[in-house]
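Architecture at a glance
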Amino acid sequence: MKTTIVVCVMGVFGFGEVNKIIDVVLFPKDSKEIANILDKIETGSIIGELNALIKNLQNKGYGVFIFENSRLAKRVSEKLSINVDVVIPSESGEILRGNLDKYALDVGFVKHSDEIYDWVHNVSMELAKIKVRNAAKKRDLLIIQAIQTIDELDKTLNLFVSRVREWHGLSFPELYRLVEKHEMRISLINNLGRRENFVFENLKREGVSLKKAEQIAKIAQASMGVKLDDDDIDQIQKLCKSMLVLYTVRHSLERYVNTMMEDIAPNICVLAGPLLGGRLIALAGGLTNLAKMPASTVQVLGAEKALFRALRSGARPPKHGIIFQHSLLHDSKRGQRGKVARALAGKLTIAARVDGFSGRYIGDKLKEDLKRRIDEIKEDKKLRLLKEKNHVRKS
Amino acid sequence: MSVKVEVHQQFPGIYCVSFEKKKLATKNLVPERDVYGERLVKYLDVEYRIWDSYRSKFAAAILNGLKKVPIQPNHKVLYLGAASGTTASHISDILGERGHMYCVEFAHRTIRELINNVCLVRSNMSPVLADARLPEQYLSLVEKVDDIYCDIAQPQQAKVLADNADIFLKAKGWVMLAIKARSIDVTKKPLDVYKQEIDTLKIRGFKIEDVVFLEPYDKAHAMVIGTWK
Ligand SMILES: C[S@@+](CC[C@H](N)C(=O)[O-])C[C@H]1O[C@@H](n2cnc3c(N)ncnc32)[C@H](O)[C@@H]1O
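Predicted model only: the values in this text are computed from it and were never measured.

Regarding the overall build of chain B
Tallying secondary structure elements over chain B gives six helices and 12 strands in all. Taking 17 Å as the expected radius of gyration for a compact globule of 229 residues, we find that chain B reaches 17 Å, a close match to that expectation. Counting only C-alpha atoms, chain B reaches 50 × 35 × 35 Å along its principal axes. Per-residue burial over chain B gives 58% buried out of 229 residues. Taking as baseline every contact in chain B between residues at least 6 positions apart, the subset at least 24 positions apart corresponds to 59%. As displayed, chain B offers around 9800 Å² of accessible surface, 49% of which is attributable to carbon and sulfur atoms. Put simply, chain B has 33 plus and 28 minus side-chain charges, and the middle of one group is 3 Å from the middle of the other.

In structure tokens, the structure reads:
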């Protein structure tokens, strides 16, 4: 005999050949749990309720099971080795979906037929949230790749910057100090080449400020560097051209990480900024992992070497890992950094949990709290210093 | 300034507000809360939300003389491409407490706004994070509906609508399709695109009841109303 299995927010239904309910296994009356179950069913998991329903139907002599979900049908036939068929939509499913409130009353899922819509609403809210979170989860792996590429690009570019400094520096050693921004300097060398071309007009055209252009032109003229042939400068310019491409890639990656971080981790993002936030996620191996870490671990993420050394040798453990890159930390006084690091890590841990598990936005409040805590730490220090001074004076 | 709100002569659940100009409005299901910055007006102790025809193609179509609005109080509606809920929230007002709407949207960033700002306070709206091209994926969440509203601004929007109608639209149900000529095919003239999408609907078993162009509110857009043959 054939039976049709239909899943809805109430539970799993087994219909007979004339579309009459033969058996039904209802879900627990908890919208979060129902949402979890529906999510599992969609991806082809054979959940307990379904297993139970199939057993009951088999006992009643049903041998062919019609599903409306091909993935689920495939899994069921593989795992339970029963005969399946897929019909989308099935006749029974149509009838159930056409009379949802009536069936809800009939099977005793609700006492009043209107109530079914509260269930539909609550379950769909939970299910959508689960899916938003799952979508974000997979995206954090992309962020990790992007962040690591940014870090590698920075390393590579720094290496090349030193090379160009030495190489082009043979002809114009003063340029390095004159133009501090690496990218700007590389672009000038790429576009102007030889020292002789670093004249006022050219520099102005390249967007250098008038005062700076004058200064560079003057020093270029007086420079003692060697003269380069066409072929010499050509090689250097080729390297600079490739570097400029890498800079473009880096900028685009940074924008990419920015939007992605705002999307999947808005709370971490306001507290730590997209890049540092992304690095924390990368070090933890994903947003969920970060969300599960205690604050003390977050505080030293990225300082694992120092931490293990300390554990082994009994030396002082590190006060902070990568969060040192946060401006709040490296702008604060040495003696306060431990406390500031602890406060920052504490807030970041909360932010990570919210981003990883509930997805609400509480970033502004977290930022406010953190600021207040930092002010307290600074006040504390002042008070203590004051006390110490008084103490010294008295004795 | 004196505001006057009147019931729309033809369409239940829709109101006309007159101050400087005549505007459409819906009765606010969640008083004191706006959804997209629209104006709230009170008249005889009832609060209405002004329905911005430059932001919502549905409102634009009504102002441009749509002959029939199938969506009515107490209906069940499937909305494809709900975005952050601008139009959907007005439909939610029209449906009222006893109606229900399933809002399909596949951009997770957008649906997060829909969930937190709109569905959270409007219990007649259920968010569905899914791709409207794969209606079988929300079979266990969505029921049979009276109307389907489709505004996904994607190629083959008529086909997507028909695929959903095959599964979810009741026998006497109606569909509304907002056709965006530009996003379907930039190389074709808008009129050809409209015709092509309308033909698809006809082939898939719909009778076309009305077609309204949305200028000046929206460029290269049309609203099509259909029902099962
Ligand atoms: C033009 S906007 C809709 C605006 C909305 N109807 C309103 O008036 O408030 C189109 C929406 O459809 C969504 N969309 C496009 N293709 C989709 C698909 N295949 N499935 C679900 N949503 C889709 C987009 O993410 C976008 O939010």
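Continuing now.
With respect to a positive patch on the surface
Residue and element names in this part refer to chain A. There is a patch of like positive charges on the surface, built from Lys339, Arg342, Arg384 and Lys387. Elements with a contribution of two residues or more to the positive patch: helix H18 (337-358) and helix H19 (363-394). Among the secondary structure elements, Arg384 is positioned in helix H19.

Here's the deal with the sheet that holds strand E1 (residues 4-7) of chain B
Residue and element names in this part refer to chain B. Pairing in this open sheet of five strands is antiparallel, and the strands run E1-E2-E3-E5-E4 from one edge to the other. Taken across any chain shown, the strands that pair with only one partner, and hence form the sheet edges, are E1 and strand E4 (40-43). Strand after strand, the sheet turns through a mean of 40° between neighbouring axes, direction not considered. Pairing geometry for strand E3 (residues 22-27) and strand E5 (residues 46-51), over four bridges, is antiparallel. Considered in E5, the bridge of Leu24 is made with Trp51. Contacts between helix H2 (residues 86-95) and the sheet are confined to E3 and E5, with E5 contributing the most and set at about 145° to the helix.

Overview of the site of the ligand
All names here are of chain B. Surveying the vicinity of the ligand reveals 16 residues, the closest of which are Tyr79, Thr87, Glu105, Asp131 and Ala132. One of the side-chain nitrogen or oxygen atoms of Glu105 is found 2.5 Å away from an oxygen atom of the ligand. One of the side-chain nitrogen or oxygen atoms of Asp131 is found 2.8 Å away from a nitrogen atom of the ligand. Alone, the ligand offers 600 Å² of accessible surface; in the complex the protein occludes 85% of this.

Here's the deal with the pattern of salt bridges
Where charged atoms of side chains with opposite charge meet at close range, the side chains can pair. Considering all chains together, one arrives at 30 salt bridges over all chains under this definition. For Asp369 of chain A, the salt bridge is made with Lys365 of chain A, and the minimal N-O distance between the two is 2.9 Å. Pair noted here: Asp369 of chain A and Lys365 of chain A are both in helix H19, with a separation of four residues, about one helical turn. Overall, the relative accessible area of 17% leaves Asp369 of chain A in the buried class. When its relative accessible area of 55% is taken as the criterion, Lys365 of chain A is described as exposed. Ionic pairing is found between Asp93 of chain B and Arg122 of chain B, a salt bridge with its closest N-O pair at 2.7 Å. Separated by 29 residues along the polypeptide, Asp93 of chain B in helix H2 and Arg122 of chain B in the loop between helix H3 (108-119) and strand E8 (125-129) bring together distant segments of the chain. On the basis of relative accessibility, which here comes to 7%, the residue Asp93 of chain B falls in the buried class. Salt bridges sharing common partners tie together Glu38, Arg49, Asp93 and Arg122 of chain B.

Overview of the confidence of the model for chain B
Across chain B, the average pLDDT comes to 93, with 97% of residues at or above 70. Model confidence for the complex: the whole-complex pTM is 0.73, and ipTM, which rates the interface, is 0.94.

Remarks on the sheet that holds strand E5 (residues 83-86) of chain A
All names here are of chain A. Strand order in the open sheet formed by five strands is E3-E2-E1-E4-E5, with mixed pairing between adjacent strands. Each end of this open sheet is capped by a strand with a single partner; those strands are strand E3 (21-26) and E5. The mean inter-strand angle of the sheet, taken between neighbouring strand axes irrespective of direction, is 25°. Strand direction decides the pairing type here: strand E4 (residues 64-67) and E5, joined by four bridges, are parallel.

Looking at the packing of aromatic side chains
Each aromatic ring pair is characterised by the separation of its centres together with the angle its planes make. Taken as a whole and judged by the stated rule, the model has 13 aromatic pairs over all chains. Plain terms: the ring middles of Phe109 of chain A and Trp119 of chain A are 5.3 Å apart, the flat faces sit at 65° to each other, and that makes the pair edge-to-face. Of this pair, Phe109 of chain A sits in the loop between helix H5 (100-106) and helix H6 (115-169) while Trp119 of chain A sits in helix H6, placing them 10 residues apart in sequence. A residue is classified by how much of its surface remains accessible, and Phe109 of chain A, at 2% relative accessible area, is buried. Their ring planes at 70° and their centres at 5.1 Å tell us that Trp51 of chain B and Phe58 of chain B sit as a pair that is edge-to-face. Taking the relative accessible area as the measure of exposure, Trp51 of chain B reaches 2% and is therefore buried. Judged by its relative accessible area of 0%, Phe58 of chain B is buried. By the ring-pair criterion, three or more aromatic residues cluster together here, those being Trp51, Phe58, Tyr79 and Tyr149 of chain B. A cation over a ring is seen here: Lys29 of chain A above Phe109 of chain A, with NZ or CZ 5.1 Å from the ring centre.

What to know about the pairing of E3 of chain B
Of the strand pairs in this sheet, strand E2 (residues 15-18) of chain B and E3 of chain B are connected by four bridges, and their pairing is antiparallel. Looking at E3 of chain B, one finds that Tyr15 of chain B is bridged to Ala25 of chain B.

Conventions used here
Residues numbered from 1 in each chain as written. Chains lettered and ligands numbered in written order. Predicted model: local features only at pLDDT ≥ 70, side-chain atom pairs only at ≥ 80, totals over all residues. Heavy atoms only, no water. Helix = DSSP H or I, 4+ residues; strand = E, 2+ residues; numbered from the N terminus. Rg over C-alpha atoms; globule rule 2.2 N^0.38 Å. Buried < 20%, exposed > 50% of the residue type's maximum accessible area, 1.4 Å probe, protein only. Contact = heavy atoms within 4.5 Å. Areas by Shrake-Rupley, 256 points an atom, 1.4 Å probe, with all protein chains shown as cover. Lys, Arg positive; Asp, Glu negative; His and termini not counted. Charge placed at Lys NZ, Arg CZ, Asp CG, Glu CD. Patch = residues over 30% accessible without salt bridge, like charges linked within 9 Å, V, L, I, M, F, W, Y side chains within 5 Å. Salt bridge = Lys/Arg side-chain N within 4 Å of Asp/Glu carboxyl O. Pairing = 2+ DSSP bridges. Axes fitted to C-alpha atoms, helices over the stretch in contact; angles between N-to-C directions. Near = heavy atom within 4 Å. Polar contact = N/O pair within 3.5 Å; in protein donor to acceptor, adjacent residues only side chain to side chain. pLDDT = per-residue confidence, 0-100. Phe/Tyr/Trp six-rings, centres within 6.5 Å; stacked < 30°, edge-to-face > 60°. Lys NZ or Arg CZ within 6 Å of the ring centre and 35° of its normal.

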